[in-house]
Every structure is written in C-alpha cells, then in structure tokens.
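Secondary and tertiary structure notes
Spelled out from the first residue to the last, the chains are:
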Amino acid sequence: MGKAIDAYKRFRAFLDPCRPDTPPRRRWLLTALTLLALAVGVLYLTCTGLLIGSLYFVRPRLMSYFAIPGLAALNLLVVALLMAFFFFLTNRAWAAFALSSLLVHAATMANYYKVIFRDDYLAFEDLTLLGPAAAIAGQYNIELQPLFRKVILLSIVGTVVLWLLCRWRLRRRWTALGLVLTVAVSVGAFQLWYRDDKLYSSFHNLELFNEWVPKEKAASYGFFYTFVHSIVDVLPDPPEHYSKERAQELLAQYPEGDIDTKVNVIAVMLESFSDLSVLEPTGLQADPYAALRDIWAESCHGTLLVDTLGGGTINSERSFLTGYTYPQPDYGHPTESFVRYFARQGYVTEGSHPGHDWYYDRQNVNQNLGFDQYYFSENFYSSRTDAEYAPDSVFFPGVLELYENRDPDTPYFGFHVSYQGHSPYVATERLYDTEYVERGYLTEASYNMVNNYLGGVANTAEQVAAFTEALRDEEDPVVLVFFGDHKPTLGSANSLYTELHMDLNRSTGEGFRNFYSTPYWIWMNDAAKEALGTDPAGTGPDIGPYFLMAQVFEVCGWSGPSYLQYQQELRRTLPVIHAEGTFLENGVWTKQLSVNSQKLLEIQEIMQYYLRRTKYK
C-alpha cells in the first residue's frame, strides 16, 4: 500500500508544472495541456448546452449554430468567459470545469423542463423567481432524460481527469488580474454585442426552427446567446426620443380626472381559467361553464389576449393593475399604478391570494403598487382551511368576507387572485362524476387530465356564480371584474390541445388568438347600474390585459388617470401589444406596424418607461 501511495505522489509531482524542479520543457507541455483541456471543456459544454437548448437533441440542429460563425462565436464566448472566471477565481482547472458544468447543465436542463411544462424558454428574469419556480417544480413528475444522465456522467469524468492531469496554476497576482480582465471583457461584450437587438435579429437560423413559435425562435439563436440577451428585458434601454421632460409633457396633455360617481370595484383573476368550449374540442359532452352563461349575458364579456400560456401569472396580474406591457419590472420601489389612482380618489385598496406571501414577492410588490392591505395564506386563508392553498369554496367566501368587513362609508377597490385550477392536473384517475370530454381516442392520462381540469373549471364557475348572486341585491353599488390569467398547461408541451383538435398554431391569426385567449367579463349589480346610468351587457373587444382596466373605466364612464386616458386612444388602433412582438392593428394581426401606429406606440412606451422608473411619492 505504501508503494502505491508513493507511486501516486511521484505521478502527481511529475504532472505539476509549478514545482521548482520541473524541467522547463515539461512545464510548458503541462501548461499547454491544462489550457488545451480547458478549451476542450469549453467546446464540450457549449455543444452539450446548445444540443439541449435546441429542444429536440438532434445533430442537424446543433450543427446549424456552427453554420453561422457569428452565432457560434457568441454562444461559445459565454461559456469561455464563464470558464475563465471560475479558473481565475479558484486557480484550479478541475474546479473551473466542475463549476461551469454545474451552471451550464442546471440552466440548460431547467430550460428544457420549463419548455415542457410551461412552453416558454428560460430567460434571465426567471432567476428572480427561483423560489416560486422550485415550489411549482415540486408539483410535477420530472424524469431525467437519458441525454442528461450522459452529459452529467461525462462532466464528472472530465472533472476527475482534470484533477489528475491538469495541475497548472497561476500566481495570485495573475489570478486577480485575470478576474478583473474577465469581468471587463464580459461587460464590454455585453454592451457591444449581447444587448444589441439589431445584431440579435440579424441572425437567421430558421431552416430547422419555426420562427412563429416563441420557444423555437429563441432556440434558433442558441441557448447561451438567447439567455444573455434576455438580460435586456430586465435592464431595458429607454425608448427612442425619451427624456423625463418629454414624458411629463405627454402626460400633462391628459389631466387626471376624478371619479364623480364612486362605486365599489372587486376584481378577481382566476387561475388558468379559459373557455375551451369556444375552441370546439373534440368529444365535449357537458358544459363546464353552464353556471356562468346567464352572468356572461348580463356582462361586458370579451376576450383577453395574454402574454403566456400555462404560466407567467404575474404578467397578466400586474398588467391589469398598472397598464404596463410585457415585460413586467420587479417593482422594487413605490410605483404609479391604477391601485394608487383609486387610493387618490379616496378608495380603500386591498386584496388577497390563497398562496404564500413570498410567492412572486407579492407581499412587497403589492405594497409598492399601493395596496393598503393584502391577505395571504399566512395572515388570512390558513385559518379557514387545512389545505395548503384555499380552494375556491374557501377563497370566494373569504373575498366576500373582506368586502363585508369594509368601512361602508369609504369606496372599496379589491383585487384578488385565486389558486384553484393551477396545474398539474391528476392523470391517474377522474376526480369528478361528470364526464366533460369523452374517452374516444384519448389516452387514459389525457382523458383524466382534461376532465379533471374542466371539472375544476365547472366548480370555479359555480363559486363565481354564487359570489355574484350574493352581491346582486347588495344595497351599495358593486362592479365585478373577472378574467383568466392564462390557458392551462395540458400535457407534455401542451400536447393535449393537439389531441383535442384545438387550433393553437401561432403562425396564423386564429391560432395565435386561440393560444393566448382567456375570457373577461365586467358585471354590475342593479345599484351600480342605477348609480352609473349604464348597463354593461354586450360583447367586449379583444384586448391585452394592460387595457382591461381601461375597458372597466370606459364601461363605468370614468376618465381616470393620465396614462389610462392615453391608453383609451391607443387601444382603438392597437388593442393587443403582445410579448412576442405581434400586434393587433386595426383588426389585423401583424408583426410590422404602420408608421402611424409606431408613433402611437412610442408615446405609450415613453410614458410607461417614465412611470415605471419614477419612485412614487
């Protein structure tokens, strides 16, 4: 045993180029070996990351990146800088490779599962949602793909080989200099190349990717380039022709209006609530929306075109509360919002969500948006149910309780977010007696999932109807606003929609609308109709969630804050300004706006940028 240990020590010493007794020629060879090994590591991690990020793990997609030298270089540079950073930080080749592998594999695999479960490519802003993401991931059955096992194993083997063979190290002053240079090059590269939208859009790698599907379009640029470029969404540049003075001047053209006739307003965003019946799914046997049909007939009932499917709840939520389009900022400081407008008009502002207060940082964000009080599981719903998340049978009585406990002499604005309806949906058995979709050609898992989703929807519809009826004869005027946050995740990569023959092809206007549509409706009790002198019944326009509050104000006959008044003008021409860069312009879906619409949109962007960034006082 002693001889083996001595032999191992001699072997390690022979491979150490930093020993004083190492011959110069061997020192140069061992140094070159370490650098070569790190270069191979960079190429390996780049290729495996691009392969996983391509979504289908096929060689032609991988090679398509290298067919465009600039695209390949920008992806490769990200990994090279990551490897250099860890090498200069640890001064160990094996540690640099191990840490780089850990980050690359974690990010690319997280992206893969996000696409599977949420149909959305990983973006830098997702790093701010690690807590909610972990909580959501725990609800899904995540199966490690064979390719993932292979790359993890190869990375472990590579780490061991580097630990054994590559022992070249730098003196401390050189590692410090190397760290500084790596950071400097990273910042410079980001400013010069990675944040440049024109450069990003100039790469056309679409022969094997569908440019009309966002996850495919994102994958066509390569995972690393796409991910780093998405930092721009978190750190947006100001709009062209922006200045603080210009924004103030534009807003001043729309003096804030007061609410002369104040009525109570309760808005409820329904988790994953979507009217699938309008897509005419094959085999629909019963109507899960039956309890709402009469209420819809009494309401301003329309279609909301949201920015996501199966996730991104806060995009719809915060768009409604602020009128701001995608992407939503982090709201890390007090910010102007419609909530604050109601407060300026003398309303008490509160709301609730049966989830945890840390989820999407609602406890802080909602305070920064101006709510007087917000209730969560921790301070309200947990005392009313043993379930982790209150079902609608507990949620809606809770919303009603909060309303009834208000000061009746003060107008009330409430905004509440439900949880029932959140994916995943049980695939092993049918939980509801009613069969909403027949078995037909569906797999057992698909049959159970769609019936359990629609069974939950039917229950939500009954709870909404009961809540509405409880306020119908209320003496005080009440306006109710309901809308779905997004369509549900149904099956792996939403395959169940295809099984049900629903057209979600985003390359067509109809398919795009189907993919992102959820219902909204604005209902008034008789007291509100009398007070406002109006009846909301009728079909509402197709709009994005950022224009829903404007629709509410129009129905109520209110002028509202300055920004909302401009929104009323803008939405006549552009009622949908979608995250994908798709617009509904004068009733036509397009990706290229007319000159006039570009000018209208620029004004909105200037106002929005100013209001988002200005700390509310």
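Before reading on, note that the structure itself is shown above.
The rules behind these values
- Residues numbered from 1 in each chain as written.
- Predicted model: local features only at pLDDT ≥ 70, side-chain atom pairs only at ≥ 80, totals over all residues.
- Heavy atoms only, no water.
- Helix = DSSP H or I, 4+ residues; strand = E, 2+ residues; numbered from the N terminus.
- Expected span 1.5 Å × (residues − 1).
- Buried < 20%, exposed > 50% of the residue type's maximum accessible area, 1.4 Å probe, protein only.
- Contact = heavy atoms within 4.5 Å.
- Salt bridge = Lys/Arg side-chain N within 4 Å of Asp/Glu carboxyl O.
- Pairing = 2+ DSSP bridges.

What follows covers helix H18 (residues 392-404). Given 3.6 residues to a turn, an α-helix orients residues that are three or four positions apart in the same direction. The end-to-end C-alpha distance of H18, which contains 13 residues, comes to 18 Å, matching closely the 18 Å that a straight helix rising 1.5 Å per residue would cover. The set of residues buried in H18 consists of Asp392, Val394, Phe395, Phe396, Gly398, Val399, Leu400, Leu402 and Tyr403. Considering only its buried residues, H18 is in contact with strand E1 (264-270), strand E3 (348-352), strand E4 (373-375), strand E5 (412-417), helix H19 (444-472) and strand E6 (478-484).

Moving on to unusual backbone geometry. Pro327 follows Tyr326 through a cis peptide bond whose omega is 0°. One can find Pro327 in the loop between helix H15 (313-322) and helix H16 (338-344). The omega torsion of the bond from Ser423 to Pro424 falls at 0°, within 30 degrees of zero and hence cis. Take Pro424: it is sitting in the loop between E5 and H19. Residue Phe57 is not a glycine yet carries a positive backbone phi of 55°. Counting through the fold element by element, Phe57 comes out in the loop between helix H2 (24-53) and helix H3 (59-66). Judged by relative accessible area, Phe57 falls into the partly exposed class, the value being 24%. Backbone geometry at Asp361 places phi at a positive 55°, although glycine is not the residue there. Looking at the element boundaries, Asp361 is found in the loop between E3 and helix H17 (362-368).

Now for the pattern of salt bridges. Counted under the stated rule, the structure contains 15 salt bridges. For Asp287, the salt bridge is made with Arg293, and the minimal N-O distance between the two is 3.0 Å. By relative accessible area, Asp287 is classed as partly exposed at 33%. Because the salt bridges share partners, they merge into one network encompassing Glu256, Glu336 and Arg344.

What follows concerns the pairing of E1. Of all seven residues that make up E1, seven are buried, and the element is covered over most of its length. Residue alternation in E1 divides its side chains into two sets, Asn264, Ile266, Val268 and Leu270 and Val265, Ala267 and Met269, and both sets are buried. Strand direction decides the pairing type here: E1 and E6, joined by seven bridges, are parallel. Each residue of the ladder has a partner; that of Leu270, found in E6, is Gly484. Here E1 runs beside E5; their pairing, made up of five bridges, is parallel. In the strand pairing of E5, Ala267 is matched with Phe415.

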